[in-house]
Amino acid sequence: MKKILEELTHIHGPCGFEEDVAKYIANRLKGTVDSIEVDGVGNLIVSKKGRQPGPKIVVAAHMDEVGFIVKKIEENGLLRFEKLGGHDDRILLSQRVQIKTSKGFQSGVIGTISAHMKKFDDPQKVRKHQQLYIDVGATSKKEIDSMGIKVGDSITWQPYIDQLTEHRIAGKAFDDRAGCAVLIQTLEELDSSNFCGEIVGVFSVQEEVGLRGARVASHQHNADVAIALDTTAVSDTTEEMMDQTLALGAGTGIKVLDFSLIANKKVKNHLVDIAEQQNINYQLEIFPGIGTDAGELSLAQQGVPTGVLSIPSRNAHSSIELIDLNDLDATKELLTEFVKKMKTSKDYKFNLK
């Protein structure tokens, strides 16, 4: 799964520009799943059927990564940019980026003043992204044009991946290529003879700008239960606001609550029961500062019992996201076992008796 994740994170695919990610996943899953299709907004939807009819589970992982888009080309060749998804302006300075142009990929840097000039500036000032620029080495608009760069071109962090320790890696776009890797490997390893019903994999678009792909996909399938796969921000570092409730390497996160979803209690309890029965490391997640595709999946049709499996992450929405491969494996193991033991929708609904 690390190899899958490494290949996925090197693909350029910010919000609204996910085609290359979809192509990679579709090519990889050919022959593994029963159907592959793309809907009108760009969601890649695959299906794998079990040994006999049974419940249907929709599992979603979003393909998009936070990025930027070229907004304006200055006369001196510097580029102004707009955000695609949520960024912290404090971390933008001096970052390496990649622009997808009509002539291929172009590297650039988000510029900043020299340290020698800081005495003329306010060191406490955080400049908004609208005040910043990307430098690709060009000296004029004409040179920018010769490089194939145009307004509307998409931008991501420069792709890379670092193996920090045996189990911990750093890179860009783990949110949510890590979830995509889990779903891909689950579909590849899951033998149709080991489960009943159907698993529908939704590799969604534009999650980072409002769960837009999931909103469309949620109404296409009459699911008995839905699970979203995503990363979640841990709270195990030394900053003063950290409450030490989620830790890297402590297992997959089983969602209880975030701002987009209060997880279905029976789905959550079923995930916990399976994790304990199978000795899969897990931690319960209550984090109101995040939302996932589950928020839209749960609102489809007349409502779908929905849960979330979260991959713990440090430095989310930055160029140096960090995850523990053991958490990635735990997420895949729990999802696989849940599919094998999934129930019908009535089993997850409230019992009024």
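Residues numbered from 1 in each chain as written. Predicted model: local features only at pLDDT ≥ 70, side-chain atom pairs only at ≥ 80, totals over all residues. Heavy atoms only, no water.

(A) Region of interest: the nonpolar core. One finds Leu8, Ile25, Phe203, Ile227 and Phe338 to be the most contacted residues of the largest nonpolar core, which totals 55 residues. Sequence-distant contacts of Phe203, defined by excluding residues within four places in its chain, comprise Ile25, Leu29, Asn43, Leu44, Val46, Ala61, Met63, Cys180, Leu183, Ile184 and Leu187. Formed by 19 residues, the second largest nonpolar core is a distinct cluster that contains Phe81, Ile99, Leu132 and Val136. (Core = buried A, V, L, I, M, F, W, Y, C linked by side-chain atoms within 4.5 Å. Buried < 20%, exposed > 50% of the residue type's maximum accessible area, 1.4 Å probe, protein only. Contact = heavy atoms within 4.5 Å.)

(B) Structural context of the environment of Gly152. Structurally, Gly152 can be placed in the loop between α3 (141–146) and β9 (154–157). By relative accessible area, which is 28% here, Gly152 ends up partly exposed. Placed 52 residues apart in sequence, Gly152 and Lys100 show a C-alpha to C-alpha distance of 9.9 Å. Ignoring anything within four residues of it in the chain, the contact list for Gly152 reads Phe17, Ile69 and Val70. (Helix = DSSP H or I, 4+ residues; strand = E, 2+ residues; numbered from the N terminus.)

(C) Structural view of the side chain of Thr101. Mapped onto the fold, Thr101 is located in strand β6 (residues 96–101). For Thr101, a relative accessible area of 9% corresponds to the buried category. Reaching out from Thr101, the side chain makes a polar contact with the backbone nitrogen of Lys103 at a distance of 3.0 Å. Of the polar contacts made by the side chain of Thr101, one reaches the backbone oxygen of Gly104; its length is 2.7 Å. Dropping the residues within four chain positions of it, Thr101 is found in contact with Gln106, Met147, Gly148, Ile149 and Asp153. (Polar contact = N/O pair within 3.5 Å; in protein donor to acceptor, adjacent residues only side chain to side chain.)

(D) Geometry of the sheet that holds strand β1 (residues 35–38). The strand order across the open sheet formed by eight strands is β1-β2-β12-β3-β13-β16-β14-β15, and the pairing between neighbours is mixed. A strand with exactly one partner marks an edge of an open sheet, and here the two such strands are β1 and β15 (282–286). Averaged over all adjacent pairs, the angle separating strand axes in this sheet is 25°, with direction ignored. Summarising the sheet, strand β13 (residues 225–233) and strand β16 (residues 306–313) pair through eight bridges and their orientation is parallel. Pairing of Leu229 across the sheet is with Leu309, part of β16. (Pairing = 2+ DSSP bridges. Axes fitted to C-alpha atoms, helices over the stretch in contact; angles between N-to-C directions.)

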